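Chains, contacts and geometry: an overview
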Amino acid sequence: MKFYRYSTYKLMFLLTTVLAITSCETDFDNPNAAASDQVFTSREGILATTIGMQELYSTTGMRYIIETPAITTREGGITTTFQNMIDLEDGGDIPNTNSNVVGLWTTMLRVVGIAEDIAANAAELDIDAGTKSGLIANAKLFHAMSIGAMAQNYEQVIVATSEDNPPFISRIEGYNTAITLLNEAKSAIAANPISAEFEAEVLRGDIDLENTINAMLARFNLFAGNYDAAIAAASEVDQTSSSVFTYDTQNLNPIWSRVFQNSAPNFKPQDNFGLPASFVFEDGDGRFDFYMVPLDELNQNQFPIEDLAGFFDADTGSIPIYLPDEMNLIIAEANLRKSSPDTGAAVTALNLVLTDTDDIFGVNANVSAYDGDTSVAVLLDEVYKNRRAELFLTGMSLEDSRRFGRPDPTPTVQNFDEERNRNFYPYPNTERDNNTNTPDDPAI
């Protein structure tokens, strides 16, 4: 589907590394873009393209990854009259032209296409072996994360963009494709450790590539139902290390841009992390103060909203690629979902989250250890509750809501009491108009 590879993403646009996010709902191509073969024939070109790919994902991509499911699952309540946001909060029959639905899909496919080109061309360059392995592993990581973002939000996905009319595969196949890419990335840097050059010019002390690969292996293996593999990968992550997307005055924190940059924000967080009142947290849970500032207001659809804090209240504040306690929650959930559940291991992992006081990002629940019912069903509810609190606004709430069997939405009926108002998003009109393999839209 060359529409995505060469018309939708423009490599010179990436090389400018100016991807400022505003509340504008339109994304324009650069008519002065360079041809792709002009940026992959040199060390400088491919490194610059890699940096551009990361910036595209961390700015435009992270906006859609976080914001879109947040509104669908009630993590956030809209505070705007933009139709795309109204559509998301209303749910039901969301149009295929909704700019969030289109933006999430097309941005992830842009990253996939760039990542494919980086991995393929890096292998042919005469450069340091550790720089080459870093380029390939990093490209496969971003390729995998982009597939994973699509699979969390769409019923079927595209995993490669190298042909016209690329086929769609199931979201579970998508996760397993992402897992294959991550294992290839892991093998690449095991064979040739990352060079100091790649660390300095691309990772810049912000991204711990090895730990991020393992964290994504844990995440996507959990989502694909590979529970032993999820536990193994999560156990390999060094929870004292961090990986973050950083921002500057030219590339602003994308959620800050949506909430604080303009006098009329697009959304604000809902209290109780968007969960029904039946999910009760212990008094003094530190995650409330970390992520939210009490406001005592309602939005236009009578959702109780708060002011946003956490990783999103500074224009150049960094956003973690993953949170350390996600690994403990993965270990807890996977132990509960195994064919022979291990509730003891699940409670042990859950307690690492509940009693945390020294999280490297300051996301500390700092409450009592779990002492409730240890049946699998009750413990799964406890894991879900803590995922919604710990991993607030990380883009995983829609995947979590479905996976934990929370109530399905009612098709075509607007009901603001529902925990989520869609199961999956419709496929964008931009895809349907250019790819005859596009499936029918899901009913809800």
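Data block above holds the structure.
Everything quoted here is computed from the prediction, not taken from an experiment.

The helix and strand tally for the protein stands at 17 helices and 8 strands. Taking 2.2 N^0.38 as the reference for a compact globule, 444 residues should give roughly 22 Å; the C-alpha atoms of the protein span a radius of gyration of 21 Å, in line with that estimate. Projecting the C-alpha coordinates of the protein onto the three principal axes gives extents of approximately 60 × 45 × 40 Å. Among the 444 residues that make up the protein, the fraction classed as buried is 60%.

What follows covers helix H7 (residues 171–191). Taking 1.5 Å of rise per residue, the 21 residues of H7 would be expected to cover 30 Å, and the 30 Å separating its terminal C-alpha atoms lies within 8% of that figure. Within the span of H7, buried status applies to Arg171, Gly174, Tyr175, Ala178, Ile179, Leu181, Leu182, Ala185, Ala188 and Ile189. Buried residues along H7 sit against helix H6 (129–153), strand E2 (156–157), strand E3 (169–170), helix H9 (209–224) and helix H16 (397–403).

Any two aromatic rings considered together are summarised by their centre-to-centre distance and by the angle between their planes. In this structure the tally under the stated criterion is 26 aromatic pairs. Plain terms: the ring middles of Tyr291 and Phe392 are 5.4 Å apart, the flat faces sit at 70° to each other, and that makes the pair edge-to-face. Residue Tyr291 is found in helix H12 (residues 286–291), and its partner Phe392 is found in the loop between helix H15 (376–390) and H16; the two are separated by 101 residues along the sequence. Ring centres of Phe311 and Phe361 lie 5.8 Å apart, and the angle between their planes is 85°; this geometry places the pair in the edge-to-face category. In this pair, Phe311 sits in the loop between strand E7 (304–308) and strand E8 (319–320) while Phe361 sits in the loop between helix H14 (343–354) and H15, placing the two residues 50 residues apart along the sequence. Residue classification places Phe311 among the buried positions, given a relative accessible area of 10%. Note on Phe361: relative accessible area 18%, which makes it buried. An aromatic cluster of three or more residues is present, and its members are Phe273, Phe281, Phe288, Phe290, Tyr291, Phe311, Phe312, Phe361 and Phe392.

This part is about the pattern of salt bridges. Pairing between side chains of opposite charge can happen when the charged atoms of each approach one another. The full count for this structure, using the stated rule, is 22 salt bridges. Its salt-bridge partner being Arg258, residue Glu67 comes within 2.6 Å of it at the nearest N-O pair. Remark: Arg258 occurs in helix H11 (residues 254–259) and Glu67 occurs in helix H3 (residues 43–72); sequence separation between them is 191 residues. Here Glu67 matches Arg258 in class, with each residue buried. One salt-bridge network, held together by shared partners, links Arg171, Glu333, Arg337, Arg387, Glu399, Asp400, Arg402 and Arg403.

Quick look at the pairing of E7 now. Relative to E7, strand E6 (residues 292–298) runs antiparallel, the two sharing 4 bridges. In the sheet register, Met292 faces E7, and the bridge partner there is Leu308. Once E6 ends, the chain turns through 5 residues before running back antiparallel as E7, passing Gln302 with a positive phi of about 70°.

Residues other than glycine seldom take positive phi values, yet Asp296 does so here, at roughly 60°. Here Asp296 is to be found in strand E6.

Once that is clear, we can look at the packing of helix H10 (residues 227–236) against helix H13 (residues 324–337). The geometry of H10 relative to H13 is characterised by a closest axis approach of 9 Å and an angle of 155° between their N-to-C directions. The angle between H10 and H13 places the two elements in the roughly antiparallel class. The handedness of the crossing between H10 and H13 comes out as left-handed. Across the interface between the two elements, Tyr227, Ala230, Ile231, Ala234 and Ser235 from H10 touch Met327, Ile330, Ile331, Ala334, Asn335 and Arg337 from H13.

What follows covers the environment of Phe312. Of note, Phe312 is situated in the loop between E7 and E8. With relative accessibility at 1%, the residue Phe312 sits in the buried group. Considered as a pair, Phe312 and Leu222 are 90 residues apart in the sequence and their alpha carbons are 27 Å apart. Not counting residues within four places of it along the chain, the set of residues in contact with Phe312 comprises Ile66, Asn253, Ile255, Trp256, Phe260, Ile319 and Leu393.

Below, the discussion takes up H14. Between the first and last C-alpha of H14 there are 16 Å, a value that for 12 residues agrees with the 16 Å anticipated at 1.5 Å per step. Residues of H14 that are buried: Ala346, Val347, Ala349, Leu350, Asn351, Val353 and Leu354. Where H14 is buried, its residues touch H12, H13 and H15. Two or three places before Gly344, at the start of H14, stands the capping residue Asp342, its side-chain oxygen 3.3 Å from that residue's backbone nitrogen.

What counts, and at which threshold
- Here, residues in each chain are numbered from 1, in the same order as that chain's written sequence.
- In keeping with the model being predicted, local features are shown solely for residues with a pLDDT of at least 70 and side-chain atom pairs are shown and tallied solely at 80 or more, while totals for entire chains, interfaces and linings include all residues.
- The side-chain figures draw on all heavy atoms in the structure; neither hydrogens nor water molecules are used.
- The secondary structure listing takes helices from DSSP runs of H or I that are at least 4 residues long and strands from runs of E that are at least 2 residues long, numbered from the N terminus.
- Within these notes, the globule rule equals 2.2 Å times the number of residues to the 0.38 power, and the radius of gyration is based on C-alpha atoms.
- Residue burial is assigned from relative accessible area. The probe radius is 1.4 Å, only protein chains are included, and a residue is buried under 20% of its type maximum, exposed over 50%, and partly exposed in between.
- By definition here, a helix of n residues has an expected span of 1.5 Å times n minus one.
- Contacts are residue-level and defined by heavy atoms, with any inter-residue pair within 4.5 Å sufficient.
- Two rings belonging to Phe, Tyr or Trp (six-membered ring only in the last case) form a pair when the distance between their centres is within 6.5 Å. Interplanar angles under 30 degrees mark stacking, angles over 60 mark edge-to-face geometry, and anything in between is tilted.
- A carboxyl oxygen of Asp or Glu within 4 Å of a side-chain nitrogen of Lys or Arg is what we treat as a salt bridge.
- Here, a strand pair is defined by DSSP locating no fewer than two bridges between the strands.
- For helices, the fitted axis covers only the stretch in contact; all axes are lines through C-alpha atoms, and the angles between them, taken along N-to-C directions, range from 0 to 180 degrees.
- Should an angle fall under 35 degrees it is taken as roughly parallel, and over 145 as roughly antiparallel, whereas 65 to 115 is taken as roughly perpendicular and any remaining angle as oblique.
- By convention the crossing between two helices is left-handed if the near helix lies anticlockwise of the far one by an angle smaller than a right angle, and right-handed if it lies clockwise.
- Under this definition, polar contacts are N or O atom pairs within 3.5 Å; protein pairs additionally need one hydrogen-donor-capable and one acceptor-capable atom, and for neighbouring residues in sequence, both atoms have to be side-chain atoms.

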